[in-house]
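The lines below spell out each chain.
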Amino acid sequence: MLPLTGKRVIEFCEVAAGPFCGMLLADMGAEVIKVERAQGDAMRMWPPINDGYSENFASINRGKKSVVLDLKSDDGIAAAKALILSADVVIENFRPGVMERNGIDFTTMNPLKPALIYCSISAFGQSGPRSREGGFDLTMQAMAGVMSVTGEPGGAPVKCGVPLCDFVSGLYGSYAAAAGLLEVAQTGQGKHIDVAMLGATLAIAALQTSEYFGTGKDPRKLGSAHPRNAPYQAFEASDGYFGMAAGNNKLWKSVCDVVGMPELFEQDRFINPSMRAANQTELLELLTEVFVTKPAAHWLDAFAKAGVPSSPINTYSQALNDPQVHHMGWVQDMTLPGGRETQTFGSPLRFNDVQTPITTPPPVLGEHTNQLLSELGLAPDTDESAA
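Everything quoted here is computed from the prediction, not taken from an experiment.

## A closer look at the packing of aromatic side chains
Overall, the coordinates contain 14 aromatic pairs when judged by the stated rule. Relative to Y118, the ring of F106 has its centre 6.0 Å away and its plane inclined at 65 degrees; by these criteria the two rings are edge-to-face. Taken together, the positions of F106 in helix α5 (residues 106-109) and Y118 in strand β7 (residues 117-122) put the pair 12 residues apart, joining distant regions of the chain. Measuring from ring centre to ring centre gives 6.5 Å for W299 and F303, while their planes differ by 35 degrees; the resulting arrangement is tilted. Taken together, the positions of W299 and F303, both in helix α13 (residues 296-306) and four residues apart, correspond to about one turn of that helix. For W299, a relative accessible area of 4% gives the class buried. The rings of F235, F242, F291, W299 and F303 are connected pair by pair, giving a single aromatic cluster. Here the basic side chain of R130 rests over the ring of F124, its NZ or CZ set 5.8 Å away from the ring centre.

## Some words on unusual backbone geometry
With an omega of 0 degrees, the peptide bond between P47 and P48 qualifies as cis. With respect to the element layout, P48 can be found in the loop between β2 (31-36) and β3 (49-50). The linkage connecting A230 with the following residue, P231, adopts the cis geometry, with an omega of -5 degrees. As for its position among the elements, P231 is in the loop between α9 (206-215) and β9 (232-237).

## Examining the confidence of the model for the protein
Low-pLDDT stretches of the model should not have their predicted coordinates read in fine detail. Considering every residue of the protein, the mean pLDDT works out to 95; 98% of them sit at 70 or more. In this model, residues 383-387 is a region of pLDDT below 50 whose contacts with residues beyond four sequence positions or in other chains number 14 contacts.

## Brief notes about the sheet that holds strand β10 (residues 240-245)
As summarised here, the arrangement of the three strands in space is β9-β10-β11, forming an open sheet in which the pairing is antiparallel. In this open sheet, the two strands that pair with only one neighbour each are β9 and β11 (310-312). When strand polarity is set aside, the average angle formed by the axes of neighbouring strands in this sheet is 25 degrees. As paired strands, β9 and β10 are joined by six bridges and run antiparallel to one another. Paired with F235 across the bridge in β10 is F242.

## Quick notes on the environment of S169
Looking at where S169 falls in the secondary structure, it is placed in helix α7 (residues 164-187). The class for S169 is buried, based on a relative accessible area of 0%. Along the sequence, S169 and M261 sit 92 residues apart, while their C-alpha atoms lie 45 Å from each other.

## A look at the side chain of S169
Within the structure, S169 has its side chain in polar contact with the backbone oxygen of C165 (distance 2.7 Å). Non-local contacts of S169, meaning those with residues more than four positions away in its chain, are made with A17, I121, V195, M197 and A200.

## With respect to the pairing of β10
Remark: two residues form the turn of the hairpin made by β9 and β10, two consecutive strands paired antiparallel. Strand direction decides the pairing type here: β10 and β11, joined by three bridges, are antiparallel. Residue pairing for β11: G243 is matched across the bridge by S311.

Cut-offs used in this document
Residues numbered from 1 in each chain as written. Predicted model: local features only at pLDDT ≥ 70, side-chain atom pairs only at ≥ 80, totals over all residues. Heavy atoms only, no water. Phe/Tyr/Trp six-rings, centres within 6.5 Å; stacked < 30°, edge-to-face > 60°. Helix = DSSP H or I, 4+ residues; strand = E, 2+ residues; numbered from the N terminus. Buried < 20%, exposed > 50% of the residue type's maximum accessible area, 1.4 Å probe, protein only. Lys NZ or Arg CZ within 6 Å of the ring centre and 35° of its normal. pLDDT = per-residue confidence, 0-100. Contact = heavy atoms within 4.5 Å. Pairing = 2+ DSSP bridges. Axes fitted to C-alpha atoms, helices over the stretch in contact; angles between N-to-C directions. Polar contact = N/O pair within 3.5 Å; in protein donor to acceptor, adjacent residues only side chain to side chain.

Here it is, written out as structure tokens:
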């Protein structure tokens, strides 16, 4: 029994932020019904495609059912309304105004079902001067300041390699929806949740925004280094790079001992984290002179023995095959529609030391249309025009 078992979620979403939100709720046990247009979610066409099925799509749509509806037809809208009224939660990630034009927005549906939790994910939010503008992860990283602090000093703007704006917005949406369900259980009253990708991205930049509020100065890009602590970055060894973070004076002393320079610990310029950060260019030069004399594995072993957090700079194949990942059971087998066996990264959460299982694979487009509409006493919507 998972926490959201028995709850029904209707997802009107495409690509990443909304579908990720829906999948997180499915991982928690909710029945998630994905409403798609006749052509399907655009991510269904993203490579890698194996045996006709996108592994990208599968990675954020497991555990869902798929219903195809034409939201430009009266029958399609009637079916959408019936599905919404059968649900506890609605998730949508269209531009503001789209659901209202279709007559299935929160304002319309809330009087019909006061307990409904309705989560809208958009680029800039449901109101304001930018609310009708669209956005993708790249433009959100640029708009929210992420690209201004990512990359090497003096280098061109660089986006984070992981689409963090999309996924953190989905994460905010899922936990807000779960909190909303708790309030419904207590009061019987639903809520409209407004998740703006811009706001979610700024919210997780708490250290950067507080630096600006506290100093009046913009944070700057430092590569892998830290603005308030050192040594705390990627370092070059004789055969590549490794990461090491000495986040306090005790760890810094251990670093000095490992590199054979105990005298650095007593120097005023390196006496505390703030001073080391202020002088980290000099510190990097001193440490690099030593690190480049031996391979990364040597330093990782030495720092592990000294209790200093350090890590190889892993590729994803290396990270996914780490023994800790295997122990936690995060990588799980999954069968794609058509029978192809693959793997996916499941929920990172464990309840009572039990890994959250993947119970159902991602759906075929429209796989559950007939079943679910029949349950609602509706004839399947057979119009194949785009939603």
